[in-house]
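Chain by chain, the residues:
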Amino acid sequence: MTSQPGPARYTLVSFHAHPDDEALLTAGTLARAAAEGHRVVVVVATAGEAGAARADWTGDHLGDRRIRELEASAAAIGAARVEVLGYPDTGWPVPTSGEGISGPADPGGPVPFSQLDAEPLAADLAALLVEEGADVLTTYDENGGYGHPDHVQVHRVGAMAAEIAGTPVVLEATIDRALIWRAVNVLRALAWVLPMPVLPDLSTAYTARGDLTHRVDVRDYVSDKSESLRAHASQSTRARDDGARTLALILRLPRPVRRRVIGREWFRERGRQVGGDLLDDVFASLRPRPECGHA
Ligand SMILES: [Zn+2]
């Protein structure tokens, strides 16, 4: 008797800088992978303790709260495991509005994540990738999205860790830059009813359409993704730091536009040729190739 092998099950590790980044960039893809039976592991470098929040949620207090928010988000996604590596959050050192600056929780304290030597960080992450037998690692594009130093460090550390661990597929989570422009134009058109958020420099942020490899359809997972976004309540109220500005931007979009915006997620797969059709399957490179018939 022969048994038909079932569809392949893969392990996907999604590496992020702060709690809430997983929701913005990857929650739909992760929810879809989990629903299809794959193992999903969410790893964050920092607890996000230097993020924007109410004055009484500072430092460790805020970090603890954000870890709980991350756990709720991971539950919405269907992740099997959550790891907080616990490196010090860099904060957002650039003043972006009159509201004040988000900076390190303790300026005289330990060296923040973005300034740590990438090699030992990569060795730590590689150990986790080996332990998990990771098939896919998600990181960020080389711009770190809109340029947050912790996000640039995730790009760097993720690439090195995958190399050490031999993780076959590295997907850099990003956003189609053209779509950001379109969203901004919608906001500008609505500026008379909605306050315009402070925007980072968008000319180099995220990734040009021609450099993308994947556009993942997550419209069936928009409710999971919305629950993941909502889990980060401490970040959606004060639009001061990195994720919060983007989150605020998305949540201010009119509902049908928002559904279109969060119903797709974008990646650039390291080492994959760009220019073809965008892939919908994050495991495409791992699938056995169908037998090629001779014409
Ligand atoms: Zn972040």
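In the nomenclature of an unreviewed UniProt entry, the protein is known as LmbE family protein of Nocardioides agri.

Q: I keep staring at the pattern of salt bridges and nothing clicks. Help me out?
A: Side chains that differ in sign of charge can pair as their charged atoms come close. For the coordinates displayed, the defined rule picks out 15 salt bridges. With its nearest N and O atoms 3.3 Å apart, the salt bridge here joins Arg32 to Glu36. We classify Glu36 as partly exposed; its relative accessible area is 35%. Residue Arg209 is joined to Asp176 by a salt bridge in which the shortest nitrogen-to-oxygen separation is 2.5 Å. Placement of Arg209 in the loop between α6 (177–189) and β6 (214–217) and of Asp176 in the loop between β5 (169–174) and α6 is noted, with a sequence separation of 33 residues between them. Bridged by salt links that share partners, the residues Arg39, Arg81, Glu83, Glu131 and Glu132 form one connected network.

Q: How do you make sense of the nonpolar core when you look at a structure like this?
A: Soluble, globular proteins show a tendency: their nonpolar side chains are buried together. Residues Val13 and Phe15 are the most contacted members of the largest nonpolar core, which totals 70 residues. Considering every element that reaches this core, the biggest residue donor is helix α4 (residues 118–132), with seven residues. Setting aside residues no more than four positions away along its own chain, Phe15 makes contact with Val43, Ala45, Leu85, Phe113, Leu125, Leu137, Thr138, Thr139, Tyr140, Val154, Val157 and Gly158.

Q: In this structure, what is going on with the confidence of the model for the protein? I would like to understand it.
A: It should be kept in mind that the predicted coordinates are not to be read in detail where pLDDT is low. Residues with a pLDDT of 70 or more make up 81% of the protein, whose mean pLDDT is 85. Contacts from residues 94–101, a stretch scored under 50 in pLDDT, to residues over four places away or in other chains number 12 contacts.

Q: Even after reading the chapter, I still don't get the sheet that holds β5, so can you show me in this structure?
A: Sheet strands pair via backbone hydrogen bonds, and the direction of the pair is either parallel or antiparallel. One open sheet accounts for seven strands, arranged β3-β2-β1-β4-β5-β7-β6; its pairing is mixed. Of all the strands in the sheet, just β3 (81–87) and β6 have a single pairing partner and so form its edges. The mean angle between the axes of side-by-side strands here comes to 25°, regardless of whether they run parallel or antiparallel. Pairing of β6 with strand β7 (residues 264–269), which is carried by four bridges, proceeds in the antiparallel orientation. Looking across to β7, one finds that His214 is bridged to Phe267. Across the sheet, helix α5 (residues 149–165) lies against β1 (11–16), β4 (136–140) and β5, angled at about 155° from β4, the strand it touches most.

Q: Would you mind showing me how to read the packing of aromatic side chains here?
A: Between two aromatic rings, the relevant description is the distance of the centres plus the angle of the planes. Applying the stated criterion across every chain yields a total of three aromatic pairs. With a centroid separation of 5.1 Å and 25° between ring planes, the pair formed by Tyr10 and Phe283 is classed as stacked. Here Tyr10, found in the segment before β1, pairs with Phe283, found in the segment after β7; they are 273 residues apart in sequence, far enough to count as distant. Given the relative accessible area of 2%, Phe283 is considered buried. Their ring planes at 25° and their centres at 5.7 Å tell us that Tyr87 and Phe113 sit as a pair that is stacked. You can see Tyr87 sitting in strand β3 and its partner Phe113 sitting in the loop between β3 and α4, a full 26 residues away along the chain.

Q: Quick question: what am I supposed to make of the packing of α4 against α5 here?
A: Each pair of packed helices gets described by two things: the angle between the helix axes and the distance between those axes. Where α4 meets α5, the axes come as close as 8 Å, and the angle between the chain directions of the two elements is 55°. Our classification of the angle between α4 and α5 gives oblique. Note on packing geometry: the crossing formed by α4 with α5 is right-handed. Between α4, through Ala118, Glu119, Leu121, Ala122, Ala123, Leu125, Ala126, Leu129 and Val130, and α5, the contact on the second element is made entirely by Gln153, Val157, Gly158, Met160, Ala161, Ala162, Ile164 and Ala165. Residues of the contact of α4 with α5, tallied by class, amount to 14 nonpolar, two polar and one charged.

Q: It is not clear to me how helix α2 (residues 27–35) should be interpreted in this structure. Could you clarify?
A: Along an α-helix, residues three or four apart share an orientation, since each turn contains 3.6 residues. Of all nine residues making up α2, eight are buried, and the element is well covered by its neighbours. Residues of α2 that are buried: Ala27, Gly28, Thr29, Leu30, Ala31, Arg32, Ala33 and Ala34. The positive-phi residue at the C-terminal boundary of α2 is Gly37, with phi of around 100°.

Q: Explanation requested: the environment of Glu69 in the structure shown.
A: With respect to the secondary-structure elements, Glu69 resides in helix α3 (residues 59–77). According to the relative accessible area criterion, Glu69 is buried, its value standing at 5%. Separated by 160 residues in the primary sequence, Glu69 and Leu229 have C-alpha atoms spaced 9.5 Å apart. Those residues in contact with Glu69 that sit more than four places away from it in its chain are Ala231, His232, Ala233 and Ser234.

Q: Just checking my understanding: could you explain the environment of Ala122 for this structure?
A: Within the element layout of this structure, Ala122 appears in helix α4. For Ala122, a relative accessible area of 0% gives the class buried. Separated by 43 residues in sequence, Ala122 and Ala165 have C-alpha atoms that sit 9.4 Å apart.

Definitions and limits used
- In every chain, residue numbers begin from 1 and rise along the written sequence.
- Restriction of local features to residues with pLDDT of at least 70 applies here, the model being predicted, together with a cutoff of 80 or more for giving and counting side-chain atom pairs; totals for whole chains, interfaces and linings are based on all residues.
- As a convention, hydrogens and water are excluded, and side-chain values are obtained from all of the structure's heavy atoms.
- For this analysis, a salt bridge means a side-chain nitrogen from Lys or Arg found within 4 Å of a carboxyl oxygen belonging to Asp or Glu.
- When accessible area is computed with a 1.4 Å probe and restricted to protein chains, residues below 20% of their type maximum are described as buried, those above 50% as exposed, and intermediate ones as partly exposed.
- A run of H or I in DSSP counts as a helix once it spans at least four residues, and a run of E counts as a strand once it spans at least two, with each numbered from the N terminus.
- The term nonpolar core refers to a set of buried residues drawn from Ala, Val, Leu, Ile, Met, Phe, Trp, Tyr and Cys, joined through side-chain atoms within 4.5 Å.
- Contacts are assigned to residue pairs that have any heavy atoms within 4.5 Å of one another.
- Per-residue confidence from the predictor is reported as pLDDT, which spans 0 to 100.
- In this analysis, strands are considered paired if DSSP registers two or more bridges between them.
- Convention adopted: a line fitted to C-alpha atoms gives each axis, helices being fitted over their contacting stretch, and angles between N-to-C directions are expressed from 0 to 180 degrees.
- What counts as a ring pair is set by centres within 6.5 Å for rings of Phe, Tyr and Trp (its six-membered ring), and what kind of pair is set by the plane angle: stacked under 30 degrees, edge-to-face over 60, tilted for all other angles.
- Geometric relationships in this document are graded by angle, where less than 35 degrees denotes roughly parallel, more than 145 denotes roughly antiparallel, 65 to 115 denotes roughly perpendicular, and other angles denote oblique.
- Left-handed describes a crossing in which the near helix is turned anticlockwise from the far one by less than a right angle; the clockwise case is right-handed.
- Each residue is assigned to one of three groups, with Ala, Val, Leu, Ile, Met, Phe, Trp, Tyr, Cys and Pro labelled nonpolar, Asp, Glu, Lys and Arg labelled charged, and all others, Gly among them, labelled polar.

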